[in-house]
Amino acid sequence: MNEQQLKNKIKNIVNESINDFLIERKRNYIRNIIKEEVQQFLIDKAINEEQDKSKRLDMKRNAVMSMLKNDIYDHAPLAYSLYDANDESEKATARSLFSKKATGTPDADGQIRHFDDTEVNTLYDLLKSKK
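Description of the structure in this document. Keep in mind the model is a prediction, meaning the values are calculated, not measured.

## Observations concerning the overall build of the protein
Stage number 1. Each helix and strand counted, the protein has four helices and zero strands in total.
Stage number 2. The helix and strand sequence of the protein, counted from the amino end, reads α-α-α-α.
Stage number 3. Its C-alpha atoms give the protein a radius of gyration of 33 Å, more than 25% over the compact-globule value 14 Å for 131 residues.
Stage number 4. Its C-alpha atoms put the protein at 105 × 30 × 30 Å along the principal axes.
Stage number 5. Every one of the 131 residues in the protein was classed for burial, and the buried ones make up 16%.
Stage number 6. Here the analysis covers contacts within the protein between residues at least 6 apart in sequence; of these, 53% occur between residues at least 24 apart.
Stage number 7. For the protein, the accessible area works out to roughly 10,400 Å², and carbon and sulfur atoms hold 51% of it.
Stage number 8. Taking the 23 positively charged and 23 negatively charged side chains of the protein as two groups, their mean positions are separated by 7 Å.

Shown next as structure tokens:
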């Protein structure tokens, strides 16, 4: 191999190496852009699902509170379903707590109690099944 052929071969190898390097950089760049976009999409989707879940829970809470204002629903069985009440004392406590949460009546210390998310879901299912 003469000197010119050797120079051409080296030049070709260097050019191929540079091209391979540039192609790999482009691939990595594109891969990172796609990764960031997918991550942002998943984050946005999770946020939207959480907002939807929160909206559904708010709708359930409003429906439960509206239904509890209706006199056709006996609160005592609902209270017993929500809270473990085995004897008369526990049943009285369950009814009292349920009533305070259902009406928004403050405790002796002035604290207003509310149904938590689990209680709202349970009550919603119970009230819906009684319609």
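## A short note on the environment of T103
Stage number 1. Structurally, T103 can be placed in helix α3 (residues 88-103).
Stage number 2. The exposure class of T103 is exposed, given its relative accessible area of 52%.
Stage number 3. For the pair T103 and H114, spaced eleven residues apart in sequence, the C-alpha separation works out to 9.1 Å.
Stage number 4. Side chain to side chain, T103 and T105 meet in a polar contact 2.6 Å long.

## A short note on the packing of aromatic side chains
Stage number 1. Summed over the entire model, instances satisfying the criterion amount to one aromatic pair.
Stage number 2. One cation-aromatic arrangement involves K91 over Y80; the distance from NZ or CZ to the ring centre is 5.3 Å.

## As for the pattern of salt bridges
Stage number 1. If you walk through the whole model with that rule in mind, you get six salt bridges.
Stage number 2. For D107, the salt bridge is made with K100, and the minimal N-O distance between the two is 3.3 Å.
Stage number 3. Note on D107: relative accessible area 12%, which makes it buried.
Stage number 4. Between D107 and R113 there is a salt bridge, with its nearest N and O atoms 2.7 Å apart.

Reading the values: the criteria
Within each chain, residue numbers correspond to sequence positions counted from 1 in written order. Owing to the predicted nature of the model, reporting of local features is limited to residues with pLDDT of at least 70; listing and counting of side-chain atom pairs is limited to 80 or more, with chain, interface and lining totals taken over all residues. By convention in this description, side-chain values take in all heavy atoms of the structure and omit both hydrogens and water. Helix numbering and strand numbering both begin at the N terminus, where a helix is a DSSP run of H or I of at least 4 residues and a strand a DSSP run of E of at least 2. The globule rule used here is 2.2 Å times the number of residues to the 0.38 power, and the radius of gyration it is set against is calculated over C-alpha atoms. Throughout this description, buried means an accessible area under 20% of the type-specific maximum (1.4 Å probe, protein chains only), exposed means over 50%, and partly exposed covers the range between. Here, two residues are considered to be in contact whenever any of their heavy atoms come within 4.5 Å of each other. Per-residue accessibility takes into account occlusion by the displayed protein chains alone, with areas from the Shrake-Rupley method and a 1.4 Å probe. Here the positive residues are Lys and Arg and the negative ones are Asp and Glu; neither His nor the chain ends is included. By convention, charge coordinates are those of NZ in Lys, CZ in Arg, CG in Asp, or CD in Glu. Polar contacts, as used here, are pairs of N or O atoms within 3.5 Å; protein pairs need one atom able to donate a hydrogen and one able to accept it. Residues neighboring in sequence count only if both atoms are side-chain atoms. Ring geometry is summarised as follows: Phe, Tyr and Trp rings, the Trp one being its six-membered ring, pair when their centres sit within 6.5 Å, and such pairs are stacked at plane angles under 30 degrees, edge-to-face over 60 and tilted between the two. Whether a charge sits over a ring comes down to the Lys NZ or Arg CZ being within 6 Å of the ring centre and within 35 degrees of the ring normal. Salt bridges, as used here, are contacts in which a Lys or Arg side-chain nitrogen is within 4 Å of a carboxyl oxygen on Asp or Glu.

So far we have only geometry, and geometry alone does not tell us how the molecule works.
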